Amino acid sequence: MSITMETLTALCKRRGFIYPSSQVYGGLQGLYDYGPMGVELKKNLANAWWTSMVYEHEAIYGLDASILTHAHTLNYSGHCDTFNDLMVDCKHCKTRHRVDHLVNPNQCPQCGSFALTEPRAFNLMMKTNLGPVSNEDSVAYLRPETAQAIFTQFKTIVDTFSPKLPFGIAQIGKAFRNEITPRNFIFRVREFEQMECEYFVHPSEDEHWHQYWINQRYNWWIDQGLDPDKLHKTPQPPEELAHYAKATTDLTYDFPHGQEELEGIANRTDYDLGAHSKNQDTLNLSARVKPNSHSTQKMAIKHDMKDLVPYVIEPSAGLDRGVLAVLTAAYHEEQQEQAKRVVLKLKPHLAPIKVAVIPLAKNKQPLVNMAKSIQQSLKRSFKKPIVLENSGNIGKNYRRHDEIGTPACITVDFDSLKDTTSDDKLIDTVTIRDRDSLSQHRVHIHDIQSFLNEHYAY
Ligand code: GAP
């Protein structure tokens, strides 16, 4: 089903996923805070990415580099010169727009007037100064992509771990862009997280590995619950390629506001390693690489006894856009007899809460005790969020957990507590309600864990 951004934003706020940042002071445009449910969902998605990249894939090393970045790094990478968007101002309504977002090149999308200024380049990087003196020598940047530190640490990792080609370095972390027009909830923001892997390959094999990563990443997103009909492999036209790319295929998704980029898989060639290298003249680099007079390292690997600068295939995904895509895919409305049911059909490994344990009545101590003891025992064995809901309103609890995406609710009722001397089969049993099918199973308390393991891939 399709969902509007307003509906999704409202659900995210109502259920503690995502809030506008600095709300008490009127908010800051393009910045969001993740609430108790959102932080779990985001961490779960990041963990799934890290597991598939670093633990399941061969020869991919992890990195967690600093956000503040040396000005030389971003100068030689080309970002100081080229990481720009063209913008125009409307002289009539005083709004500002990105030129590539205008539907009609001369017309203001806000008020319809034709009073637009000439386009001007605007560098998207956020600048700061390190230390007490603010001058050109103390300039540093909040990184606009996590990738650059992977390139500048390339030689250190090669020297420590002696990998053979192909191998990769993966990183998850914050990136910052002073977007001219942040919009569409968490889709285009000024502070966001990226999940990036730089995969170093022999230059003669670049196209093979590019295709490999496009397919690999497509399948991974499907495993996170995205709808295959709404996930597209979209090659970028040559005129839209970033300054470093020979070819890029985007994975685009049908978000509530339209089909847009979720992840880019770029062939960055030897552009970045070459640009950060010393002794460039000894390395047979591509013509586009910027001459470097500051680097202290030769960014090469020994291959067949010679220095080789590998090509780089880069799958680069936005974590926040990933959260948005996963929420878009999970959102369902179902018409029931009396009311509409809103349910997030999140994959169990992504769900913020794995199980809710609900005593049927809040002031019946034996019921509450039994529910508490089930919750404690599941918490000990799963080491994941398992909550106890003790408001006594079972319908309300089901509605809440449907909207949060909790895969299973366990209800402790009066039958669970029947006199242990009776031979009733319901003694010490609970009801497990499945979020998606709404089926209810009566399960003995000793079998709860194996039932959950069998039915949910947490
Ligand atoms: N290292 C390559 C790189 O940064 P990019 O296409 O500019 O390439 C990669 O960014 C991914 O980062 C995008 O596919 C998107 O998911 C995410 N991203 C980029 N800008 C963003 C923004 N302003 N807000 C949220 N996510 C963004």
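Here goes a summary of the coordinates provided. It should be emphasised that the depicted structure is a prediction, and the values quoted were computed from it without experimental measurement.

1. Focus: helix 9 (residues 319–330)
No. 1: An ideal rise of 1.5 Å per residue puts 16 Å on 12 residues; helix 9 measures up with 16 Å between its terminal C-alpha atoms.
No. 2: Within helix 9, 12 of the 12 residues are buried, leaving the element largely enclosed by the surrounding structure.

2. Concerning the site of the ligand
No. 1: With respect to spatial proximity, 19 residues lie near the ligand, and among them Glu145, Arg177, Glu179, Glu196 and Glu261 are the closest.
No. 2: Between an oxygen atom of the ligand and a side-chain N or O atom of Glu261, the distance comes to 2.6 Å.
No. 3: Looking at the shell around the ligand, the elements with two or more residues in it are strand 11 (191–201), strand 14 (258–269) and strand 17 (311–318).
No. 4: Ranked by residue count, the leading element in the shell around the ligand is strand 14, at five residues.
No. 5: Across the shell around the ligand, the residue classes break down as five nonpolar, four polar and 10 charged.

3. Describing the sheet that holds strand 6 (residues 96–98)
No. 1: What the three strands build is an open sheet, ordered 6-5-7; its pairing is antiparallel. Strand pairing shows two members of the sheet lacking a second neighbour, strand 6 and strand 7 (120–123), which therefore form its edges. The mean angle between the axes of side-by-side strands here comes to 45°, regardless of whether they run parallel or antiparallel.
No. 2: Pairing geometry for strand 5 (residues 84–89) and strand 6, over three bridges, is antiparallel. Across the sheet, the residue bridging to Val88 is His97, located in strand 6.

4. Some thoughts on the pairing of strand 5
No. 1: In terms of strand pairing, strand 5 meets strand 7 through four bridges, oriented antiparallel. Residue pairing across strands places Asn84 opposite Asn123, the latter belonging to strand 7.
No. 2: In textbook terms, the turn of a hairpin is the stretch between consecutive antiparallel strands, and for strand 5 and strand 6 this stretch comprises six residues, one of which, Lys94, has a positive phi near 65°.

5. Focus: unusual backbone geometry
No. 1: Of note, the amide linkage connecting Leu165 to Pro166 takes the cis form, showing an omega dihedral of -5°.
No. 2: Along the polypeptide, Pro166 turns up in the loop between helix 6 (154–161) and strand 10 (167–176).
No. 3: One non-glycine residue, Asn184, adopts positive backbone phi at about 60°.
No. 4: On the basis of relative accessibility, which here comes to 24%, the residue Asn184 falls in the partly exposed class.
No. 5: With phi around 55°, Asn284 is a residue other than glycine that occupies positive phi space.
No. 6: In this fold, Asn284 is placed in the loop between helix 8 (271–275) and strand 15 (301–303).

6. Digging into the packing of helix 1 (residues 5–14) against helix 9
No. 1: Two elements in contact, helix 1 and helix 9, have axes whose closest approach is 11 Å; the angle formed by their N-to-C orientations is 105°. With respect to their mutual orientation, helix 1 and helix 9 come out roughly perpendicular. Contacts between helix 1 and helix 9 involve Met5, Leu8 and Cys12 from the first element and Leu324, Leu327 and Thr328 from the second.
No. 2: Residue classes in the contact of helix 1 with helix 9 are distributed as five nonpolar, one polar and no charged.

7. Quick word on the pattern of salt bridges
No. 1: Applying the stated criterion to the full structure yields 27 salt bridges.
No. 2: For Glu145, the salt bridge is made with Arg268, and the minimal N-O distance between the two is 3.0 Å. Here Arg268 lies in strand 14 and Glu145 lies in the loop between strand 9 (139–142) and helix 5 (147–152), a separation of 123 residues in the sequence.
No. 3: You can call Arg268 buried: its relative accessible area is 0%.
No. 4: Put simply, Arg341 and Glu334 hold a salt bridge, and the shortest N to O gap is 3.1 Å.
No. 5: Given the relative accessible area of 5%, Arg341 is considered buried.
No. 6: Among the residues examined, Glu334 registers a relative accessible area of 22% and is labelled partly exposed.
No. 7: Residues joined in a network through salt bridges with shared partners are Glu334, Arg341, Lys345, Asp402 and Arg433.

The rules behind each value
Residues numbered from 1 in each chain as written. Predicted model: local features only at pLDDT ≥ 70, side-chain atom pairs only at ≥ 80, totals over all residues. Heavy atoms only, no water. Helix = DSSP H or I, 4+ residues; strand = E, 2+ residues; numbered from the N terminus. Expected span 1.5 Å × (residues − 1). Buried < 20%, exposed > 50% of the residue type's maximum accessible area, 1.4 Å probe, protein only. Near = heavy atom within 4 Å. Polar contact = N/O pair within 3.5 Å; in protein donor to acceptor, adjacent residues only side chain to side chain. Nonpolar A, V, L, I, M, F, W, Y, C, P; charged D, E, K, R; others polar. Pairing = 2+ DSSP bridges. Axes fitted to C-alpha atoms, helices over the stretch in contact; angles between N-to-C directions. Parallel < 35°, antiparallel > 145°, perpendicular 65-115°, else oblique. Contact = heavy atoms within 4.5 Å. Salt bridge = Lys/Arg side-chain N within 4 Å of Asp/Glu carboxyl O.

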